[in-house]
Amino acid sequence: MFVAEKATGHLIEVLDSAALFDPHLDSIKGSLHYGEEAQDLESFRKSELVFPSGEPLPKCWTDPDYRRKE
């Protein structure tokens, strides 16, 4: 699965989708796709990520208390 950095728009390949979906985790491991080849794994904060379309990640992926705020 791919997400993008908010600031640059560069694509990041998420290798552990379960970590992306887990609202209790603040960051995920991924590989930045910039240039000719994928880079080494890095940690990325979910708050700095969006979908490639620019749409934000769902609250249920980033906020463990999202239902309490309704």
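See the structure above.
Throughout what follows, the structure given in this document is the object of discussion. This one's a predicted model, so the numbers in the text were calculated from it and none came from an experiment.

A complete count under the given rule lists 2 aromatic pairs for this structure. Their ring planes at 50° and their centres at 4.8 Å tell us that F21 and W61 sit as a pair that is tilted. Residue F21 is found in helix α1 (residues 17–21), and its partner W61 is found in helix α2 (residues 59–62); the two are separated by 40 residues along the sequence. Owing to a relative accessible area of 37%, F21 belongs among the partly exposed residues under this scheme. The class of W61 is buried, set by a relative accessible area of 14%.

We now examine the side chain of K46. Within the secondary structure, K46 sits in the loop between β4 (38–45) and β5 (49–50). Despite its burial, K46 pairs with no opposite charge; the closest candidate is D22, at 5.7 Å N-O. Within the local environment of K46, its side chain forms a polar contact with the backbone oxygen of A19, the two atoms lying 3.1 Å apart. Within the local environment of K46, its side chain forms a polar contact with the backbone oxygen of L20, the two atoms lying 3.1 Å apart. When sequence neighbours within four positions are dropped, the list of residues in contact with K46 reads A19, L20, F21, D22, P23, L25, D26, S27, I28, L57, W61 and T62.

Scoring rules and cut-offs
Residues numbered from 1 in each chain as written. Predicted model: local features only at pLDDT ≥ 70, side-chain atom pairs only at ≥ 80, totals over all residues. Heavy atoms only, no water. Phe/Tyr/Trp six-rings, centres within 6.5 Å; stacked < 30°, edge-to-face > 60°. Helix = DSSP H or I, 4+ residues; strand = E, 2+ residues; numbered from the N terminus. Buried < 20%, exposed > 50% of the residue type's maximum accessible area, 1.4 Å probe, protein only. Lys, Arg positive; Asp, Glu negative; His and termini not counted. Salt bridge = Lys/Arg side-chain N within 4 Å of Asp/Glu carboxyl O. Polar contact = N/O pair within 3.5 Å; in protein donor to acceptor, adjacent residues only side chain to side chain. Contact = heavy atoms within 4.5 Å.

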